[in-house]
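# Structural overview
The primary structure of each chain is shown beneath.
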Number of protein chains: 4
Amino acid sequence: MDSKLELVKIGRAFAAKNWSTATSSNYSVRTSAQEILITRSGIDKTELEAEDLITIDLSGRVVSPSGAKSSAETLIHTAIYDYFPKANCVLHTHSVFGTRLSLRTVDQGRISLSGYEMLKGLAGNVSHETIETVPVLPNSQDIPAFSKKLPAVFKENPGVHGFLIAGHGLYSWGTTPAEAKRHIETFEFLFECLAYETLGL
Amino acid sequence: MDSKLELVKIGRAFAAKNWSTATSSNYSVRTSAQEILITRSGIDKTELEAEDLITIDLSGRVVSPSGAKSSAETLIHTAIYDYFPKANCVLHTHSVFGTRLSLRTVDQGRISLSGYEMLKGLAGNVSHETIETVPVLPNSQDIPAFSKKLPAVFKENPGVHGFLIAGHGLYSWGTTPAEAKRHIETFEFLFECLAYETLGL
Amino acid sequence: MDSKLELVKIGRAFAAKNWSTATSSNYSVRTSAQEILITRSGIDKTELEAEDLITIDLSGRVVSPSGAKSSAETLIHTAIYDYFPKANCVLHTHSVFGTRLSLRTVDQGRISLSGYEMLKGLAGNVSHETIETVPVLPNSQDIPAFSKKLPAVFKENPGVHGFLIAGHGLYSWGTTPAEAKRHIETFEFLFECLAYETLGL
Amino acid sequence: MDSKLELVKIGRAFAAKNWSTATSSNYSVRTSAQEILITRSGIDKTELEAEDLITIDLSGRVVSPSGAKSSAETLIHTAIYDYFPKANCVLHTHSVFGTRLSLRTVDQGRISLSGYEMLKGLAGNVSHETIETVPVLPNSQDIPAFSKKLPAVFKENPGVHGFLIAGHGLYSWGTTPAEAKRHIETFEFLFECLAYETLGL
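Residues numbered from 1 in each chain as written. Chains lettered and ligands numbered in written order. Predicted model: local features only at pLDDT ≥ 70, side-chain atom pairs only at ≥ 80, totals over all residues. Heavy atoms only, no water.

## Some remarks on the relation of the copies chain A and chain B
Operational definition: Least squares is used to superpose the copies, and the fit set is the C-alpha atoms of residues whose pLDDT is at least 70 in both copies. Any pair of residues with heavy atoms lying within 4.5 Å of one another is described as a contacting pair.
Superposition record for chain A on chain B: RMSD 0.0 Å, screw rotation 90°, translation along axis 0.0 Å. In symmetry terms, the pair is related by a four-fold rotation axis. Taking C-alpha positions as the reference, the residue of chain A nearest the rotation axis is Leu-199 of chain A, at 5.4 Å. Both copies present different contact surfaces, since only 4% of the interface residues of chain A are interface residues in chain B too.

## Side note on the sheet that holds strand E9 (residues 169-174) of chain D
Residues and elements named next belong to chain D. Heads up, the condition is: Whether two strands pair depends on DSSP finding at least two bridges between them. Helix and strand assignments come from DSSP, with helices taken as H or I runs of at least 4 residues and strands as E runs of at least 2, each series counted from the N terminus. Note on definitions: angles span 0 to 180 degrees between N-to-C directions of axes, and those axes are lines fitted to C-alpha atoms, for helices only across the stretch in contact.
On the basis of which strands lie adjacent, the open sheet formed by nine strands has the order E4-E3-E2-E1-E5-E9-E8-E7-E6 and mixed pairing. In the strand order of this sheet, the two ends are held by strand E4 (62-64) and strand E6 (110-113), each with one partner. Direction aside, the axes of adjacent strands within the sheet are offset by 25° on average. Summarising the sheet, strand E2 (residues 36-39) and strand E3 (residues 53-56) pair through four bridges and their orientation is antiparallel. Within E3, the residue paired with Ile-38 across the bridge is Ile-54. Against the sheet, helix H1 (residues 3-16) engages strand E1 (26-30), E2, E3 and strand E5 (89-93), with an angle of about 155° to E1. Here helix H3 (residues 96-105) sits on the sheet in contact with E6, strand E7 (132-137) and strand E8 (162-165), set at roughly 80° to E8.

## Structural notes on empty space enclosed by the protein
Test applied: With a 1 Å grid spanning the protein atoms alone, the term cavity applies to any set of points in which a 1.4 Å probe fits but cannot get out, the term pocket to an open set with protein on both sides within 12 Å along at least five of seven lines, and the term lining residue to any residue with an atom within 4 Å of a point. Grid points are joined across faces, edges and corners, and a volume is the space filled by probe spheres set on the points. Charged residues are taken to be Asp, Glu, Lys and Arg, nonpolar residues to be Ala, Val, Leu, Ile, Met, Phe, Trp, Tyr, Cys and Pro, and polar residues to be all remaining types, Gly included.
Enumeration over the complete set of coordinates arrives at three cavities of 30 Å³ or more. One number sums up the size of the largest cavity: a volume of about 70 Å³. Residue lining of the largest cavity: Ala-15, Asn-18, Ser-20, Thr-21, Ala-22, Asp-44, Lys-45 and Thr-46 of chain A together with Lys-17, Lys-181 and Glu-185 of chain B, and that is the complete set. Empty space within the second largest cavity amounts to approximately 60 Å³. Forming the boundary of the second largest cavity are Lys-17, Lys-181 and Glu-185 of chain A together with Ala-15, Asn-18, Ser-20, Thr-21, Ala-22, Asp-44 and Thr-46 of chain D. Here the lining of the second largest cavity is composed, by residue class, of two nonpolar, four polar and four charged.

## Some details on the pattern of salt bridges
Stated precisely, the cut-off is as follows: Basic side-chain nitrogens of Lys or Arg form a salt bridge, by our definition, when they fall within 4 Å of a carboxyl oxygen of Asp or Glu. Working definition: with a 1.4 Å probe on protein chains only, accessible area under 20% of the residue-type maximum means buried, over 50% means exposed, and in between means partly exposed.
Going through the model one piece at a time under the given rule, you end up with 32 salt bridges over all chains. The partner of Lys-181 of chain D in a salt bridge is Asp-44 of chain C, with the nearest N and O atoms 2.4 Å apart. Of this pair, Lys-181 of chain D sits in helix H5 (residues 177-198) while Asp-44 of chain C sits in the loop between strand E2 (36-39) and strand E3 (53-56), placing the two residues on different chains. Exposure class is identical for Lys-181 of chain D and Asp-44 of chain C. Each is buried. In this structure, the salt-bridge partner of Lys-181 of chain C is Glu-185 of chain C, at a minimum N-O distance of 3.1 Å. You can see Lys-181 of chain C and its partner Glu-185 of chain C sitting in helix H5 (residues 177-198), four residues apart, about one turn around the helix. Owing to a relative accessible area of 6%, Glu-185 of chain C belongs among the buried residues under this scheme. A single salt-bridge network, built from bridges that share partners, covers Asp-44 of chain A together with Lys-181 and Glu-185 of chain B.

## Details of the relation of the copies chain D and chain C
Once turned by 90° and shifted 0.0 Å along the axis, chain D lies on chain C with an RMSD of 0.0 Å. In this assembly, only 5% of the residues forming the interface of chain D have copies in chain C that are likewise at the interface, indicating a heterologous arrangement.

## Here's the deal with the environment of Thr-55 of chain A
Residue and element names in this part refer to chain A. Along the chain, the position of Thr-55 falls in strand E3 (residues 53-56). Judged by relative accessible area, which is 10%, Thr-55 ranks as buried. Apart from the residues lying within four places of it in its own chain, the contact partners of Thr-55 are Glu-35, Ile-36, Leu-37, Arg-61, Val-62, Val-63 and Ser-64.

## Some words on the sheet that holds strand E4 (residues 62-64) of chain C
All names here are of chain C. Pairing within the open sheet is mixed, and its nine strands lie in the order E4-E3-E2-E1-E5-E9-E8-E7-E6. Each edge of the open sheet is held by one strand with a lone partner, namely E4 and strand E6 (110-113). Strand-to-strand, the axes of this sheet are offset by a mean angle of 25°, without reference to chain direction. Alignment of strand E7 (residues 132-137) against strand E8 (residues 162-165), held across two bridges, turns out to be parallel. Along E8, the bridge assignment pairs Leu-137 with Ile-165.

## Notes on the arrangement of the chains
Considering only C-alpha positions, the minimal separation of the non-contacting chain A and chain C is 11 Å. What separates chain B from chain D at the closest point of their C-alpha atoms is a distance of 11 Å, and the two make no contact.

## Things to note about H3 of chain D
As a reminder of what qualifies: Contacts described as polar in this section are N or O atom pairs within 3.5 Å, which, within protein, must combine one atom able to donate a hydrogen with one able to accept it, while residues neighboring in sequence count only if both atoms come from side chains.
Among the ten residues in H3 of chain D, eight count as buried, and that is most of the element. The N-terminus of H3 of chain D is capped by Ser-95 of chain D, whose side-chain oxygen sits 2.8 Å from the backbone nitrogen of Gly-98 of chain D.

## Digging into the side chain of His-168 of chain C
Along the chain, the position of His-168 of chain C falls in the loop between E8 and strand E9 (169-174). Those residues in contact with His-168 of chain C that sit more than four places away from it in its chain are Glu-73, His-92, Thr-93, His-94, Thr-99, Ser-102 and Asn-139 of chain C together with Glu-117 of chain D.

These values are about where atoms sit, not about what they do.
Here it is, written out as structure tokens:
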């Protein structure tokens, strides 16, 4: 499938799961060494269309259509593509479980996941005994400053598959849109498991 | 899109989220200085059709079709349009989370929301650090009396984006149907977050 | 709409809400003084079709198609039609919330609902201040014996709109399929509210 | 319906219920004494197609298409078919409730279910008073070793309809795809009931 259409399909599937309430969330795909397609700002993701994807370069500048406004968090996407040369798709979701989990763990700065078969949904994991670390970062409205801190976070967490921003949501990525989707779904499942575990379930 | 069709689409989307159980909830759009379209009384919102929207004037009287009965809460809609000249769409939902939250906070008379990126879904908010106040009003079957109290509530809460009625549900509005929809979705997401926070999640 | 098609539509809508897990739940409509259409036994309600409705008489005997097996709980439906001459549709759902609520309240024999605007979804209720009583009956596999006890339950609870069977589910009814649907949706919403209230929400 | 299409339909229905997050879960049907159709490895079940079912023999070797990779858990399926000659469909789901329940009960090695009408969804059960035992087994990445232990588990639990693997999910089976589906739905409903019971609901 065309990667543009694939991203639209993923965006609509995530909207149906209530992971992109209001006009939150943003999605991108790297289509060449020079070009990224990213959702434009302020779109209701239940109605995401191919024409809502705009073209930016690797520094985050809009290439086309001229005058279009890319997502406010564009520089987070480009920071991920810059650090991970094999990443070709970046997805960012806002679930209730992820939002609450991030607020309750931001002081520790990370969460650890282990003992779940679902961990094998993250590329490279071959056992439920894996210990997966998810960095949890304080939220900020200064996206340029926030995105400049990401390389250090990635360096400290080799093998990282995603991170949470407190009170905000999840970023994950993959070599393909399908892999990035699988990563988001895996994390969201596990965040829900952690919530239920906290309740004694 | 035609605002009538847009309202029907929103109504069906909200029904699918279980925000308009039974025949609860009502929706309206202001189409001119003299005219409001509002859902007629007693409609199952999963089957909402354009012909279920009836025309009223700004005082809440049915203009057409003659003999039609507008929503029992019509005067709440007109009170909102009267106070907020830029509001062109009013939406009212009945979620389980909103219902419970309103009952547990009505004695304080308000809830405060802060620390959530999702707050930026409300028009004018630019940071998760915003403190958003949501008035919580006692329920009443005397809608004329209830609606007369709204201007004072709005005056006490400058910048208010919506209010809860205890054991009943949420009212919010926007300059367009899309904005009103975004406001409702933002509030419902945040009400769910507050519930999970109460559980220690 | 044809009442057969209406019942099929309701059955599929309820299945989509997870109120008829596995092949549970059964639905009927009274189409004349002599005839009731009821779901046959063992149907997956996500695939309910008009031909899954079989004709029985008011004593519960299958009229057509010959050899068909009506729902195991047919006599509960006929007991309701017998006691309430205006009831023309009976719906029975198995939700998780209803199941748990019934098990935790069966020793008291009833639950009381009040303070919810949604109570107005039950025919005749005009205020959230109504006190609605829902009888909770012990479960039994002896349906003839169980159904014989229902008239006394109805007599003790004038104005009753439905009842729970412990660990089993909800029965409600209405003058039309639409009203019966509205009653079920109202109760299920309120059962969910009661659960959240128990959690301190 | 063709059993291949039936399995695809079940797989998509389960995906819609969030029982096969990421590319988890696997499904099979025994089509003859020599042949089993099973989902191939790594499929997103929301997009399951008939061509994603590959043919294996009863020892788990891929028959066609040549070079295809069957599910990593193929030997669990074949162990079930081997022990239960009447089982013609095996389904394996990964729900959040099943995952958490299995982790919290694996030390006891089993859970007991009783008092629920829904238990009658499991073939042969005629009363809510049935005591249904579900073995809970530790997870393992050594599927050949794991599957060799299953006959002893089945022998110790006559009448068993399914088992949980800790932190992993549910296996159940039936004489037909429809029966296996009914069994999975019954168990998942009851697992959710147990969770709510733990919360005091």
